[in-house]
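Secondary and tertiary structure notes
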Number of protein chains: 2
Amino acid sequence: MKWWGWGEEDISFTHEDKPALGPFIKKALDLDVANVTSRRVAFGELSVPEPSLPAELRARLEAAVGEARVSTEPLDRVVHARGKSLRDLVNHRRGELGRLPDAVIRPGTEEELVAILQAALDLDAVVIPFGGGTSISGSLEASVSERRPIISVDVGRLDRVHDIDETSRLARVQAGVFGPHLEEQLNARGWTLGHLPDSFTHSTLGGWIATRSSGMQSDRTGDVADLTRGLRVVTPAGLLVTRPVPSTSTGPSVREMVLGSEGRLGIISEATVHVRRVAARRTILGYLLPGWAESLAAMRDIAASEASPSVTRVSDPNETGFSFATRKRPSVLDRIKSKGLEAYLRHRDFDVEQMCLGFIGYEGSERHVAKQRKVVGAIVARHGGLCIGASPGALYDQKKFDTPYIRDYLLDRGALADVSETAAPWSALPSVYGNVVAAARRAFDELDVRGYVMCHLSHSYHAGACLYFTFAIKPSGRRDGLEEYDVVKSAIQQAFVDSGATLSHHHGVGTEHARWLEEDISAPGVVMVRSLFEGMDPGANLNPGKIV
Amino acid sequence: MKWWGWGEEDISFTHEDKPALGPFIKKALDLDVANVTSRRVAFGELSVPEPSLPAELRARLEAAVGEARVSTEPLDRVVHARGKSLRDLVNHRRGELGRLPDAVIRPGTEEELVAILQAALDLDAVVIPFGGGTSISGSLEASVSERRPIISVDVGRLDRVHDIDETSRLARVQAGVFGPHLEEQLNARGWTLGHLPDSFTHSTLGGWIATRSSGMQSDRTGDVADLTRGLRVVTPAGLLVTRPVPSTSTGPSVREMVLGSEGRLGIISEATVHVRRVAARRTILGYLLPGWAESLAAMRDIAASEASPSVTRVSDPNETGFSFATRKRPSVLDRIKSKGLEAYLRHRDFDVEQMCLGFIGYEGSERHVAKQRKVVGAIVARHGGLCIGASPGALYDQKKFDTPYIRDYLLDRGALADVSETAAPWSALPSVYGNVVAAARRAFDELDVRGYVMCHLSHSYHAGACLYFTFAIKPSGRRDGLEEYDVVKSAIQQAFVDSGATLSHHHGVGTEHARWLEEDISAPGVVMVRSLFEGMDPGANLNPGKIV
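A brief look at the structure comes next.

Rules used throughout
Residues numbered from 1 in each chain as written. Chains lettered and ligands numbered in written order. Predicted model: local features only at pLDDT ≥ 70, side-chain atom pairs only at ≥ 80, totals over all residues. Heavy atoms only, no water. Axes fitted to C-alpha atoms, helices over the stretch in contact; angles between N-to-C directions. Helix = DSSP H or I, 4+ residues; strand = E, 2+ residues; numbered from the N terminus. Parallel < 35°, antiparallel > 145°, perpendicular 65-115°, else oblique. Left-handed = near helix turned anticlockwise from the far one by under 90°. Contact = heavy atoms within 4.5 Å. Nonpolar A, V, L, I, M, F, W, Y, C, P; charged D, E, K, R; others polar. Buried < 20%, exposed > 50% of the residue type's maximum accessible area, 1.4 Å probe, protein only. Lys, Arg positive; Asp, Glu negative; His and termini not counted. Salt bridge = Lys/Arg side-chain N within 4 Å of Asp/Glu carboxyl O. Pairing = 2+ DSSP bridges. Least-squares fit on C-alpha atoms with pLDDT ≥ 70 in both. Buried area = accessible area lost by both parts, 1.4 Å probe. 1 Å grid on protein atoms, 1.4 Å probe; cavity = no way out; pocket = protein on both sides within 12 Å on 5 of 7 lines; lining within 4 Å. Points joined across faces, edges and corners; volume = space filled by probe spheres on them. Core = buried A, V, L, I, M, F, W, Y, C linked by side-chain atoms within 4.5 Å.

Focus: the packing of helix α17 (residues 429-447) of chain A against helix α18 (residues 481-498) of chain A
Residues and elements named next belong to chain A. Two numbers describe how α17 lies on α18: the axes approach to 8 Å, and their chain directions differ by 155°. In this view, α17 runs roughly antiparallel relative to α18, as classed from their interaxial angle. Handedness of the α17/α18 crossing: right-handed. The residues of α18 that touch α17, namely those facing N435, V436, A439, A440, A443, F444 and L447, are E484, V487, V488, A491, I492, A495 and F496. When grouped by side-chain class, the residues that make up the contact of α17 with α18 number twelve nonpolar, one polar and one charged.

As structure tokens, then:
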């Protein structure tokens, strides 16, 4: 992971193979993509303070995991200081590193996790569990006022699939495994978890659990909360072990208390998760719908139907425009196809400005997929839409993990882009959407900046859906860009909670969303969460200050 | 509800229309069904102590709900003293009433709930929420050592469906509504919740939520935890309101903390729950399978298939024998059909002693139901089973809420019968089953009593299923019958947790199962639950002593 941005050092987003993107960005944000205006400071220029790791604590940690696994290297400490929120990226690029961890420690076994936590409790240090470091909610950064030693516990060596119970369709997996490595181990035996968050390539099973993650195919398999059965968590009260039973009535669910706990209760060591056989057939089809209202209605009807697609995603007109602008230079064949499609759309009186691009994914036997397609096709047609075949879906499927690189690309060009996502009942979605877009535009106007806001529906449920907003501004230069970002981000979050939606569908609370928590779950809800944290961690040694 | 037993005064179980039942019970328990040996004491003979309701508390409660809604009548206090566990029934029948509530109060609004709780907190009284009173886990009884005034809050007047959001397929419902009244209100508008626990006719939505209930059709609609979205709960920290969003990442789930809380966190006032359109077609088909191993394997394969039946239930050979023994006097047509079936079974080399009776339910459009039946039929056939048509399923469907009356019938005849249910991964089910049956039989032998144990798989999930055991003994007469019951019940519960299964799939913890909680959720899990309760209710005014 780059210390200053998303993903691998040798991968970055570019407009060069996307002829329509430059003009699109020029129009949307008044930004010349050829003009790189802002660069990160060089690593060598960073001012990295000396770690404050008392000798006794260092000795205990080294005894726990071995000297080589206790790092105080500047690069390690800088990488582990934060996640990848827009604020994190901007501050890191500026060389404003915040409160760095004093040590990064890499345990290889659950026993080592136990020893680390015991040392931290005995010597009053702070422990921050670290998976892939992709949090965009501020869940990984210590408070600048923290005076105790801070240990970032990087669980990346806990990366094995212990076993697959093929009868029960359950895999027992170490929590530090990254998405691709997990799927590789499962696929080798014909199985899959199928949990594919945007961060998939750089995030871990334990991180997904700690944030109540959701993936692109969660419509069919469920969110990580549904996929996770047994848990092993190293806590101040000892090793928490919940049984991998399919359902249980043992009081308030302890499993559900760990889900979303963002390191406040302990370090997740292992989980037993649902796996499925790799499907015989898997396909994602593209659809076009005449407008946003029709798109929401179609998705609602699909959720109410007897079909159970694996992916239900549809972009609003703004995001549809963006998607088309990121298409690569088309082949001759593509151009002919697309001319035909355009003629057809005109014939049907589609307003290309209002058009919405959707993706519906199917998984299962050939026969099952064919049936589902038929049911969905009829619903889409009823709402005035049409299927545009498998190639846009295949493209989406190939490129689905590349999106997070765009923020770094825009930062290089002086624009600030970020995402905010929520969930609400079907009946509330049109007003949530309207209120959020209006709030963002009001914020752009107040700040007098160029801004863009777009949205897709990313997951459907029985009673509602997730709306995922992306927004970007070109800061005015009259104040700190982060201040202007805050105004927009806050306006969107406030519109969520004011419209009956939740503060986050799957990104978590951390510090970024903590101020809206009480408005979402009400004051007694906050007391419940706080009671749980304080009872389990009376010394506030575990990732203090997050969530509440 | 009878003060001394299950259900309506004018309904009771009888062997008189079931010619095979008397001989069956004679063989299983050495009991002559014609011989009623044990009767409850008459209500007039009960020794009901005076209530201890301080004048100030009474005044506050009367101010809250009106004088007429504060009852200190003996019958009210006796009915509200306990649930309907076997222990509750035996003690009540004996006139051993335990610690009665000092008042039964019947609020009609959420505001009244708030006033009641405030009065109880101000004057240090104990509040025990009461829905239908069907708990069989001891969740409703106060401790005999409780010295504070005890108020049973009967929420039965909170019985309205406030509204149905037809777009989101969500209904906002008061928590005190009983199953039939809830369905009546929903059905009148073409909707259904479809949550059908055994206790359906006498239990409430709030009670289902407070115990993490599961229903007979939960395979398709989900358990009550899946059906419940928004909640309003009157707590010591104020009115808890969670939003009815389909999914959320707002830290540990507060919604899931209320589910299963058994009155320890507050009084549930209202819930927003999933509803569905009443299905065009609904059918439950009977199946016969050649043995228990084949039955478990078939159910597992159905859960892994692309079918999604609403009911998956199969009885072990002992319960199959019992089911056949409870058949009513057959018509001539039935006899001809059944002779044909018998001949067919013999021809297929079915061992009638090992045979298992299953029910699979289907819901949806005609076409959907037909497809599901075909998929399931092929799986059942692969495991050597066959479909025996719709009439056994229809009979099961009609009689499904009558089972709880059998315990009273057996108590009249001196036998003690009860149920214990659990859930475990598919791979563990054969050993869980074997261990439980062996443990029960060992207990019968140790006690030197006649006993019977039988089981059905009641719910299937991706990764496992619920096993529901029913057991009965004819006490020896050498010691207190409840002591002998305890030996058997404890042996079964211990076999659950020793076999990797959970202490309860849907009956809750209460006081009956509390001693196994730590073995199930581990010591840190108990600390988490306790932290939550103590943080929310520092004065232990809310149903103290339950769960932990």
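Considerations on the side chain of D408 of chain B
Residues and elements named next belong to chain B. Relative to the assigned elements, D408 resides in helix α16 (residues 405-412). Salt bridges are absent for the buried D408, whose nearest opposite-charge side chain, R93, sits at 4.6 Å. Ignoring sequence-local partners within four residues, the contact set of D408 consists of W4, G5, W6, L89 and R93.

Some remarks on the sheet that holds strand β12 (residues 281-289) of chain A
Residues and elements named next belong to chain A. What the seven strands build is an open sheet, ordered β15-β12-β14-β13-β17-β18-β16; its pairing is antiparallel. Two strands bound the open sheet, and with one partner strand each, they are β15 (386-389) and β16 (416-425). Mean inter-strand twist for the sheet, computed between neighbouring axes without regard to direction, equals 25°. With ten bridges joining them, β16 and strand β18 (residues 464-474) adopt antiparallel strand pairing. By the bridge assignment for β18, A424 is matched with A465. Each of β12, β13 (311-315), β14 (356-364), β17 (450-460) and β18 touches helix α12 (residues 317-325); the most contacted strand, β17, lies at about 100° to it. Relative to β12, helix α15 (residues 390-399) is tilted by about 110°, and along the sheet it contacts β12, β13, β14 and β15.

Structural notes on the relation of the copies chain B and chain A
Mapping chain B onto chain A calls for a screw motion: a turn of 180° about the axis and a shift of 0.0 Å along it, with 0.0 Å RMSD after fitting. Such a turn and shift between the copies fits a two-fold axis. In terms of C-alpha distance to the rotation axis, chain B has L532 of chain B as its closest residue, with the C-alpha 2.5 Å off the axis. An overlap of 100% is found between the interface residues of chain B and their copies at the interface of chain A, pointing to a shared contact surface.

Some points on the interface of chain B and chain A
At the junction of the two partners, chain B supplies 85 residues and chain A supplies 85 residues. Both sides of the chain B and chain A interface together cover about 6,400 Å² of buried area, and 60% of this is carbon and sulfur. When residues of chain B are sorted by the area they lose upon contact with chain A, R243, H462 and M528 of chain B head the list and together hold 12% of the total. Counting every contact that joins chain B to chain A gives zero salt bridges. Looking at which element gives the most residues to the side of chain B that touches chain A, the answer is helix α19 (residues 517-536) of chain B, with 15 residues. The class makeup of the residues in the side of chain B that touches chain A is 39 nonpolar, 31 polar and 15 charged.

Points about empty space enclosed by the protein
Residues and elements named next belong to chain B. A complete count under the given rule lists five cavities of 30 Å³ or more for this structure. The calculated volume of the largest cavity comes to roughly 140 Å³. Lining the largest cavity are 14 residues; nearest its centre among them are D198, M216, R313, S458 and H459. Those elements that provide at least two residues to the lining of the largest cavity are β13 (311-315) and β17 (450-460). It is β17 that provides the largest number of residues to the lining of the largest cavity, a total of three residues.

Focus on the nonpolar core
L186, I209 and M528 of chain A together with L186, I209 and M528 of chain B are the most contacted members of the largest nonpolar core, which has 114 residues in total. If we ignore the near neighbours within four places in the chain, the residues touching I209 of chain B are V224, T228, L231, V258, L259, G260, I268 and A271 of chain B.

Side note on the pairing of β18 of chain A
Across a regular strand the side chains alternate sides, sitting on one face of the sheet and then on the other. Residue and element names in this part refer to chain A. Among the eleven residues that make up β18, nine are buried, leaving the element largely enclosed by the rest of the structure. Here ten bridges tie β17 to β18, and the two strands are oriented antiparallel to one another. Note on β18: the bridge partner recorded for Y452 is A472. The turn joining β17 and β18, which pair antiparallel and follow one another in sequence, is formed by three residues.

Let's talk about the pattern of salt bridges
Tallied over the full model, the rule gives 72 salt bridges over all chains. A salt bridge links R82 of chain B to D88 of chain B, with the shortest nitrogen-to-oxygen separation between them at 4.0 Å. On the basis of relative accessible area, R82 of chain B is assigned to the buried category, the value being 5%. D88 of chain B gets classed as buried once you look at its relative accessible area, which sits at 3%. Ionic contacts of the salt-bridge type, sharing partners, join the residues R220, R276, R282, E363, D397 and K400 of chain A into one network.

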